[in-house]
Amino acid sequence: NAQIGRQADVPTRITPQGGGQYLIDFELLRGGEVNIELVTMSGRRIMTVTDQYFHAGPQQVSLNLSGLGVRMAPLVYSLRTNGKVYSRKFVASSF
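This text gives an overview of the structure that appears in the document. (Residues numbered from 1 in each chain as written. Predicted model: local features only at pLDDT ≥ 70, side-chain atom pairs only at ≥ 80, totals over all residues. Heavy atoms only, no water.)

Focus: the overall build of the protein
Convention followed: By definition, any uninterrupted DSSP run of H or I lasting at least four residues is a helix, any uninterrupted run of E lasting at least two residues is a strand, and each is numbered from the N terminus. The classification of residues rests on relative accessible area computed with a 1.4 Å probe and restricted to protein chains. Under 20% of the type maximum is buried, over 50% is exposed, and intermediate values are partly exposed. In what follows, residue pairs with any heavy atoms lying within 4.5 Å of each other are defined as contacts. The Shrake-Rupley method, run with a 1.4 Å probe, gives the accessible areas here. Residue values count only the displayed protein chains as cover.
The number of helices and strands found in the protein is zero helices and seven strands. Relative to its full complement of 95 residues, the protein shows a buried share of 40%. Put simply, of all contacts in the protein between residues at least 6 apart along the chain, 50% involve residues at least 24 apart. Carbon and sulfur atoms make up 48% of the accessible area of the protein, which amounts to about 5,500 Å² in all.

Thoughts on the nonpolar core
What counts is decided by this rule: What we call a nonpolar core is a set of buried Ala, Val, Leu, Ile, Met, Phe, Trp, Tyr and Cys residues that are connected through their side-chain atoms within 4.5 Å.
Formed by 20 residues in total, the largest nonpolar core has its most connected members in Phe 26, Ile 36, Leu 38, Leu 63, Leu 75 and Phe 90. Elements that contribute at least two residues to this core include exactly β2 (21–28), β3 (32–40), β4 (45–54), β5 (57–64), β6 (74–81) and β7 (84–91). Ranked by the residues each element gives to this core, the list is headed by β2, at four residues. Setting aside residues no more than four positions away along its own chain, Leu 63 makes contact with Ile 14, Gly 20, Gln 21, Tyr 22, Ile 24, Leu 38, Met 47, Val 49 and Phe 90.

Notes on the environment of Thr 12
On the secondary structure map, Thr 12 appears in strand β1 (residues 10–18). For Thr 12 and Glu 27, which are 15 residues apart along the polypeptide, the C-alpha to C-alpha distance reads 7.4 Å. Sequence-distant contacts of Thr 12, defined by excluding residues within four places in its chain, comprise Asp 25 and Phe 26.

Examining the packing of aromatic side chains
Quick note on the threshold: By convention, a stacked pair of Phe, Tyr or Trp rings (six-membered ring in the case of Trp) has centres within 6.5 Å and planes under 30 degrees apart, an edge-to-face pair has planes over 60 apart, and any other such pair is tilted.
Within this structure, the stated rule accounts for three aromatic pairs. Between Tyr 77 and Phe 90, the aromatic rings sit 5.8 Å apart at their centres with planes inclined by 65 degrees, giving edge-to-face as the arrangement. Of the two residues, Tyr 77 sits in strand β6 while Phe 90 sits in strand β7, which places them 13 residues apart along the sequence. Each member of the pair, Tyr 77 as well as Phe 90, is classed as buried. Taken together through their ring pairs, the aromatic side chains of Tyr 22, Tyr 77 and Phe 90 make up a single cluster.

Here we look at the sheet that holds β7
The condition is simple: Strands were regarded as paired on the criterion that DSSP finds at least two bridges between them. Helix axes are fitted to C-alpha atoms over the stretch in contact, other axes to C-alpha atoms as well, and angles between N-to-C directions run from 0 to 180 degrees.
Spatially, four strands are ordered β4-β3-β6-β7 in an open sheet, and the strand pairing comes out antiparallel. Among the strands making up the open sheet, the edge pair consists of β4 and β7. Strand-to-strand, the axes of this sheet are offset by a mean angle of 15 degrees, without reference to chain direction. Where β3 lies against β4, eight bridges are found, and the strand directions are antiparallel. The residue of β4 that forms the bridge with Gly 32 is Phe 54.

Considering unusual backbone geometry
One non-glycine residue, Asn 82, adopts positive backbone phi at about 45 degrees. Counting through the fold element by element, Asn 82 comes out in the loop between β6 and β7. Assessed through its relative accessible area of 24%, Asn 82 is described here as partly exposed.

Coordinates in, geometry out; function isn't part of it.
Printed below as a string of structure tokens:
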């Protein structure tokens, strides 16, 4: 039973930084491989944001949408770690 908050590995937020740049913040209860994928609402994979080992604790990953031709589009980022998948929807801003 995954719970939102500090009891679970969760992507907590995505923050626009301007110019097609975003930060994805998440927290891991225990270290492990983390895979974050960016997909369209129809399920088409746009890119792998990260696929590497992270230690337990708060983490931050950069997402750069510049040059991908994504404008004001609803997207989904999925974080896979420790046998769980967490997905969040966001709208990519124009840049």
